[in-house]
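# Report on the structure
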Amino acid sequence: VLASDWIREVFQGVRQELEQLHIAACATCRPASIDPMITRNIAQGMLRRTLHLLRSEGHGGTLIIVPPEMAAELEVDNPYMTVRYRFREEEPRQRYRTLLVRIMQRLADYFPEGSSVNWNDYQTIEDQQLSEIDEALEEFSHLLASLGSVDGAVLLTQRMEIIGFGVEIAGNLPPVQTIQKAHDVEARNTTTLSTEGYGTRHRSAYRLCAQLPKLLAMVLSQDGRIQLIKHFNGRLT
């Protein structure tokens, strides 16, 4: 699912921002052309690793991913959620983004100016600096998983900025009676299901995503199953 077209659209704006950051940082030279698939595949790998670590804990968890422009609204008092533990607007909050920019900068330094760098190039490079950044990305996945093990959800922007954790979704949001269950990764074929068969963690995520259609929620059950929840084609899916 993380490789689907609709997921790519969710994060499209963020990838464009990263490309602009890379070009701005290389303003004094002609930068190497970095294939967007590099940052996309890194992001998918980081999320898969985080979900795997959360799954291995065996007690479930929830990640809530929001557009960057919604962060300020949701980290303060609002009718949708309470963020018990917040990250300040400093480096730890922006750690993931910093690491991605460092990767692009190192690739630009490693290859001649004007080169086109693709995913295969990134995978086959033997470079100490890139290895250290890869280790830092793995540590970031462990951080997210550890925050997710605390009661409540983890709130992130699409830039993977950590807004906070221990997030409590408001219990008075309007209930959601039915959802669409997708039978393919692009949600072209769906079945309408009642929400009665799902637990409190899932139903609270349904209520939140129904009220804020731009959100993406990832909910892990204690048995290891994972649901991605998004308002898609006008329906909660």
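The preceding data block contains the structure.
Here's a quick rundown of the structure. (Residues numbered from 1 in each chain as written. Predicted model: local features only at pLDDT ≥ 70, side-chain atom pairs only at ≥ 80, totals over all residues. Heavy atoms only, no water.)

## Some words on the overall build of the protein chain
Looking only at helices and strands, one finds eight helices and eleven strands in the protein chain. Each of the three principal axes of the protein chain carries a C-alpha extent, and together these read 60 × 40 × 30 Å. Evaluated residue by residue, the protein chain yields a buried proportion of 49% over its 237 residues. When the accessible area of the protein chain is evaluated, it comes to approximately 12000 Å², of which 46% is carbon and sulfur surface. (Helix = DSSP H or I, 4+ residues; strand = E, 2+ residues; numbered from the N terminus. Buried < 20%, exposed > 50% of the residue type's maximum accessible area, 1.4 Å probe, protein only. Areas by Shrake-Rupley, 256 points an atom, 1.4 Å probe, with all protein chains shown as cover.)

## What about a negative patch on the surface?
A surface patch of like charges, here negative, comprises E132, D134, E135, E138 and E139. Among the structural elements, E132 can be located in helix 7 (residues 128–148). On the basis of relative accessibility, which here comes to 41%, the residue E132 falls in the partly exposed class. (Patch = residues over 30% accessible without salt bridge, like charges linked within 9 Å, V, L, I, M, F, W, Y side chains within 5 Å. Salt bridge = Lys/Arg side-chain N within 4 Å of Asp/Glu carboxyl O. Lys, Arg positive; Asp, Glu negative; His and termini not counted. Charge placed at Lys NZ, Arg CZ, Asp CG, Glu CD.)

## As for the side chain of R15
As for its placement among the helices and strands, R15 is situated in helix 2 (residues 12–25). Beyond its immediate sequence surroundings of up to four residues, R15 is in contact with R8, P36, T39 and R40. (Contact = heavy atoms within 4.5 Å.)

## Side note on the pattern of salt bridges
Under the counting rule described, the total for this entry stands at ten salt bridges. The salt bridge involving D127 is made with R106; its shortest N-O contact spans 2.7 Å. Of the two residues, D127 is situated in the loop between helix 6 (119–124) and helix 7 and R106 in helix 5 (residues 95–110); the sequence distance between them amounts to 21 residues. A salt bridge links R225 to D223, with the shortest nitrogen-to-oxygen separation between them at 2.9 Å. Exposure class is identical for R225 and D223. Each is exposed. One salt-bridge network, in which partners are shared between bridges, spans E17, R97, R159 and E161.

## Some points on the nonpolar core
If you look at the biggest cluster of nonpolar residues, it comprises 48 residues, and the most contacted ones within it are I42, Y96, I103, L107, M160 and M218. Not counting chain neighbours up to four residues away, the residues in contact with M160 comprise F11, M46, L47, I65, R93, Y96 and F140. With 27 residues, the next largest nonpolar core counts A71, Y80, I169 and A205 among its residues. (Core = buried A, V, L, I, M, F, W, Y, C linked by side-chain atoms within 4.5 Å.)

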